[in-house]
Amino acid sequence: MFVSKAAVVGGGTMGGEIAQAIAAADIPVVVKDIDQKFVDAALEKARAVTSGQLGGQVKKEKITQEQADARLAEVMANITGATSYDEFGDVDFVIEAVPERIEIKQAVFAEIDAATPGHAILASNTSSLSITEMGEMTLRADKVVGFHFFYPASVMPLVEVIVGEDTSQETATAAYNFAQAIKKQPIVCGEVPGFVVNKILMATIGEVWRAQEEQGLSLAAIDRVIAEAKLAPMGPFFLTDLLGLDTVLHVAEHLNRSYGEGFYVHQGLQKLVGEGKLGAKSGGEGFFKDGEQTIPGEAEPDAEELLAIFTCRALIEACLLVEEGVCSVRDVDLGMMAGAGLDPRRGLLPPFWKADVEGLDKVLETMENLAERYGERFAPPITLRRLVAQGRLGIASGQGFYPYPQPDEGEQAETVKLETRGDVAVAWLANAPMNAVSPAVIRDLRTVWDRVKAADGVGAMVIASSIPVVFSAGADIKAFTSMDEAGGRELIDSGHALLRELGSEGVATIAAVNSIAFGGGCELAMACDVRIAAEAAVFGQPEIKLGIIPGFGGTQRLSRLVGSAKALEMNLVGDAVLSEEALELGLVNRVVPDHELFETALMWGRKLAGQAPVAVAQIKRVSNAADLDAGIEAEKVGFATAFNSEDGKEGIAAFLGKRAPKWSGR
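Residues numbered from 1 in each chain as written. Predicted model: local features only at pLDDT ≥ 70, side-chain atom pairs only at ≥ 80, totals over all residues. Heavy atoms only, no water.

1. Some remarks on the overall build of the chain
Then step 1. Counting its secondary structure elements, the chain contains 27 helices and 19 strands.
Then step 2. Relative to the globule expectation of 26 Å for 666 residues, the C-alpha radius of gyration of the chain, 26 Å, shows essentially globular dimensions.
Then step 3. Dimensions along the principal axes, computed over C-alpha positions, put the chain at roughly 75 × 60 × 50 Å.
Then step 4. Looking at the chain residue by residue over its 666 residues, the buried ones come to 57%.
Then step 5. Considering only contacts within the chain whose residues lie at least 6 apart along the sequence, 71% involve residues at least 24 apart.
Then step 6. Of the roughly 27,100 Å² of accessible surface on the chain, a fraction of 53% belongs to carbon and sulfur atoms. (Helix = DSSP H or I, 4+ residues; strand = E, 2+ residues; numbered from the N terminus. Rg over C-alpha atoms; globule rule 2.2 N^0.38 Å. Buried < 20%, exposed > 50% of the residue type's maximum accessible area, 1.4 Å probe, protein only. Contact = heavy atoms within 4.5 Å. Areas by Shrake-Rupley, 256 points an atom, 1.4 Å probe, with all protein chains shown as cover.)

This is the structure:
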């Protein structure tokens with residue numbers, strides 16, 4: 001499913017920001033509301049956001065003012081305002097952004113179901129309501145999906161793609177790819193009240209609210225303790241004032257009704273909302289006014305206790321989401337990074353990553369102590385107990401919720417680290433931040449591979465990522481463009497030779513794909529004998545979007561795995577494929593929970609390492625004897641032709657310049 005035209009139902013600030021994100025990706029979009037004043041507000045918001053973004057680029061001297069003015073006109077030309085559904089006859093993706101009341105949303109879904117083509121996906125920008133109940137109002141429940149932006153949508157990168165009971169895999173994948181097309185970070189989750197980020201945030205903030213009211217704590221002191229400990233970008237009371245007290249209260253009360261007293265609702269918050277004191281949106285008075293708090297509480301919090309409550313409650317809810325099958329470990333952490341501002345570069349770690357850093361045994365002990373004092377809502381989840389029982393204690397032990405390298409002693413390559421675990425070697429990709437396949441990575445992987453082949457008693461090698469949230473995002477485009485023709489040819493030849501050996505030598509190879517595996521990363525995984533994918537893994541060959549073609553076997557190995565027709569489709573379209581579909585297609589051998597990926601890959605490694613090396617080599621060579629070399633040679637010619645074309649140069653320049661390419665066909 002491809003999106004050539006989109007629509008947003010519901011104007012105002014949020015509708016305008018969503019429409020702006022779509023228009024800025026050069027996709028035409030209609031903004032519809034029942035009142036022209038809301039349509040006008042959406043258009044004005046889109047203009048203001050675009051102008052602000054372009055003004056920032058002018059200030060940094062990345063573009064001229066004339067270029068900014070021209071681009072503003074282009075973006076705004078992509079947005080059409082409407083007070084009827086007359087413009088909806090040819091839309092492919094509709095995002096409903098009306099008030100957060102199920103009866104209103106159901107009525108809107110019935111309307112857009114009748115006004116749009118049968119192939120169109122109908123999405124809701126809901127923060128907590130049932131996607132399934134909205135889908136029941138349509139004749140296409142399989143094409144109804146949640147598409148939850150975070151405020152402000154022009155700034156926050158996260159989109160939660162929520163799968164209802166009837167949502168098809170094709171719809172979820174299309175929504176994921178559309179989110180990527182409009183430059184957002186999607187995560188996929190199941191349908192529970194609050195979904196992922198809001199459920200974790202409200203459980204955590206609820207404990208802070210409870211402590212504040214029960215102990216009469218100072219709001220400013222609480223905010224200071226939490227911010228200084230880098231548990232969040234800002235304190236919860238200041239954040240609530242920014243977001244709007246009514247908005248936060250609505251979500252809090254909904255989750256309280258859904259889950260009970262484990263999700264506490266602040267009584268002072270209810271009182272302030274009743275008085276119309278909503279924070280920034282009502283003139284500035286909320287929990288604070290002119291820097292002074294407006295509700296009772298002066299006591300200093302016990303910082304250690306407050307931080308323990310905050311951290312443990314977040315981890316408990318995160319674990320429960322995973323245990324209930326709502327989402328994966330990696331999607332929780334990505335969601336909290338992109339939706340709650342927990343940026344590891346600023347020392348702000350999401351729940352699972354943070355627990356690994358602190359040590360799971362220590363976290364478990366803290367949680368057990370809290371459970372003794374506060375009861376069941378701090379009961380340690382099964383997943384945490386299980387990992388501790390296995391000795392998987394986090395970074396210190398080399399494995400917790402995520403695996404971590406413990407490289408062999410002695411000299412190590414820079415971008416790929418070698419670790420030997422008995423008869424299994426691990427090649428850790430360590431080219432931060434995105435494990436781009438650069439000339440250095442190819443050189444270092446060759447060094448590691450040669451050492452593994454020469455090692456006595458090592459019969460298998462696992463290729464894994466040392467970066468928790470990515471396997472490999474693809475080739476290092478900047479590095480490729482800086483090479484001359486001879487250097488580029490040598491790199492292509494050496495890269496192909498290396499990947500060919502991974503699939504033909506007597507050492508078995510297993511790719512442990514934890515997350516994004518695009519372009520060269522996908523090709524590296526396909527070159528291995530076995531591919532084990534985490535639930536959060538995503539595959540794709542997006543080279544076509546740069547005006548080039550796969551250059552490390554993607555036109556050949558992909559068809560051998562998924563069939564020629566599907567391989568042709570994937571290479572021509574360039575969209576992502578989620579783990580479930582990758583398994584159905586045969587692109588991967590197994591899909592396992594994120595936190596079990598590395599252990600599963602090691603088990604495969606131990607099994608294959610125990611097989612006869614000569615037989616392993618012969619089985620691999622015979623199995624891949626279907627004229628792959630001739631195919632690779634043809635691919636080399638095709639890659640060079642595309643890479644050196646005007647379209648190839650334009651596509652790469654557009655990618656580096658973060659703009660849409662303009663193809664010439666030359």
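2. Comments concerning unusual backbone geometry
Then step 1. The omega torsion of the bond from Tyr151 to Pro152 falls at -5°, within 30 degrees of zero and hence cis.
Then step 2. Here Pro152 is to be found in the loop between strand E6 (144–149) and strand E7 (158–163).
Then step 3. The omega angle of the peptide bond from Ala432 to Pro433 is 5°, so this bond is cis rather than trans.
Then step 4. Looking at where Pro433 falls in the secondary structure, it is placed in the loop between strand E12 (424–429) and helix H17 (439–454).

3. Some details on the sheet that holds strand E2 (residues 29–32)
Then step 1. Here 8 strands make up an open sheet; going across it, the order is E3-E2-E1-E4-E5-E6-E7-E8 and the pairing mixed. At either end of the open sheet lies a strand with only one pairing partner, and these are strand E3 (79–82) and strand E8 (185–190). Sheet twist, expressed as the mean angle between neighbouring strand axes with direction ignored, is 25°.
Then step 2. The strands touched by helix H4 (residues 102–115) are strand E1 (6–9), strand E4 (93–96), strand E5 (121–124) and E6; relative to E5, the strand with the most contacts, the crossing angle is about 165°. (Pairing = 2+ DSSP bridges. Axes fitted to C-alpha atoms, helices over the stretch in contact; angles between N-to-C directions.)

4. Description of the packing of helix H10 (residues 245–259) against helix H11 (residues 267–274)
Then step 1. Look at H10 against H11: their axes get within 10 Å of each other, and the N-to-C directions meet at 130°. Our classification of the angle between H10 and H11 gives oblique. Classified by chirality, the crossing of H11 by H10 is left-handed. Counting all contacts with H10, which are made through Leu245, Asp246, Leu249 and Glu253, the residues of H11 involved are Leu269, Gln270, Leu272 and Val273.
Then step 2. Its residues placed into classes, the contact of H10 with H11 shows 5 nonpolar, 1 polar and 2 charged. (Parallel < 35°, antiparallel > 145°, perpendicular 65-115°, else oblique. Left-handed = near helix turned anticlockwise from the far one by under 90°. Nonpolar A, V, L, I, M, F, W, Y, C, P; charged D, E, K, R; others polar.)

5. Comments concerning the state of the cysteines
Then step 1. Evaluated as defined, the whole model comprises 0 disulfides.
Then step 2. Unpaired in this structure, Cys312 has its nearest cysteine sulfur neighbour in Cys319, at a distance of 10 Å.
Then step 3. Free cysteine Cys528: the closest other cysteine sulfur is in Cys522, separated by 11 Å. (Disulfide = S-S within 2.5 Å.)

6. A short note on the sheet that holds strand E17 (residues 538–540)
Then step 1. With mixed pairing, 3 strands are arranged side by side in an open sheet as E15-E17-E18. Single-partner strands in this sheet number two, and they are strand E15 (516–518) and strand E18 (577–578).
Then step 2. In this structure, E17 lies alongside E18, joined through 2 bridges in antiparallel fashion. Counterpart to Val538 in the pairing with E18 is Leu578.
Then step 3. Along the sheet, helix H20 (residues 520–527) makes contact with E15 and E17, crossing E15 at roughly 95°.

7. Topic: the packing of aromatic side chains
Then step 1. Going through the model one piece at a time under the given rule, you end up with 12 aromatic pairs.
Then step 2. Pairing Phe352 with Phe401 gives two aromatic rings, centres 4.6 Å apart and planes at 55°, and the pair type is tilted. Of this pair, Phe352 sits in helix H14 (residues 351–358) while Phe401 sits in the loop between helix H16 (382–389) and strand E11 (416–421), and the two are 49 residues apart along the sequence.
Then step 3. Under the relative-accessibility criterion, Phe352 is labelled buried at 0%. (Phe/Tyr/Trp six-rings, centres within 6.5 Å; stacked < 30°, edge-to-face > 60°.)

8. A look at the nonpolar core
Across soluble globular proteins, nonpolar side chains have a tendency to be buried as a group.
Then step 1. Grouped together as the largest cluster of nonpolar side chains are 73 residues, with contacts concentrated most on Phe88, Ile112, Val196, Leu315, Val332, Phe352 and Phe401.
Then step 2. A total of 10 residues in this core trace back to one element, the largest contributor, which is helix H12 (residues 303–323).
Then step 3. Apart from residues lying up to four places away in sequence, Val196 is in contact with Glu160, Ile187, Cys189, Leu321, Cys327 and Val332.
Then step 4. Of all hydrophobic cores here, the second largest spans 50 residues; its members include Leu491, Leu502, Ala533 and Val577. (Core = buried A, V, L, I, M, F, W, Y, C linked by side-chain atoms within 4.5 Å.)

9. Points about the pairing of E8
Then step 1. Where E7 lies against E8, 6 bridges are found, and the strand directions are parallel. Within the sheet, the bridge partner assigned to Val159 lies in E8 and is Pro186.
Then step 2. Between E7 and its parallel partner E8, the chain crosses via helix H6 (residues 169–181), and the hand of that crossover is right-handed. (Right-handed = clockwise from strand over helix to strand, strands pointing away.)

10. Some points on the pattern of salt bridges
Pairing between side chains becomes possible if they bear opposite charge and their charged atoms approach one another.
Then step 1. For the structure on display, the rule yields 43 salt bridges.
Then step 2. For Lys5, the salt bridge is made with Asp90, and the minimal N-O distance between the two is 2.8 Å. Of this pair, Lys5 sits in the segment before E1 while Asp90 sits in the loop between E3 and E4, and the two are 85 residues apart along the sequence.
Then step 3. Judged by its relative accessible area of 47%, Asp90 is partly exposed.
Then step 4. A salt bridge links Glu419 to Arg421, with the nearest nitrogen and oxygen atoms 2.8 Å apart.
Then step 5. Residue Arg421 is classed as partly exposed on the basis of its relative accessible area, which comes to 25%.
Then step 6. Three or more residues are tied together by salt bridges with common partners; here these are Lys199, Glu207, Arg210, Arg313, Glu317 and Arg377. (Salt bridge = Lys/Arg side-chain N within 4 Å of Asp/Glu carboxyl O.)

11. Digging into the environment of Leu320
Then step 1. Note on placement: Leu320 falls in helix H12.
Then step 2. Its relative accessible area of 27% is what places Leu320 among the partly exposed residues.

12. Observations concerning a positive patch on the surface
Then step 1. Taken together, Lys60, Lys62, Lys478 and Lys658 make up a surface patch of like positive charges.
Then step 2. Here Lys62 lies in the loop between helix H2 (36–59) and helix H3 (65–77).
Then step 3. Given a relative accessible area of 62%, Lys62 falls into the exposed group. (Patch = residues over 30% accessible without salt bridge, like charges linked within 9 Å, V, L, I, M, F, W, Y side chains within 5 Å. Lys, Arg positive; Asp, Glu negative; His and termini not counted. Charge placed at Lys NZ, Arg CZ, Asp CG, Glu CD.)

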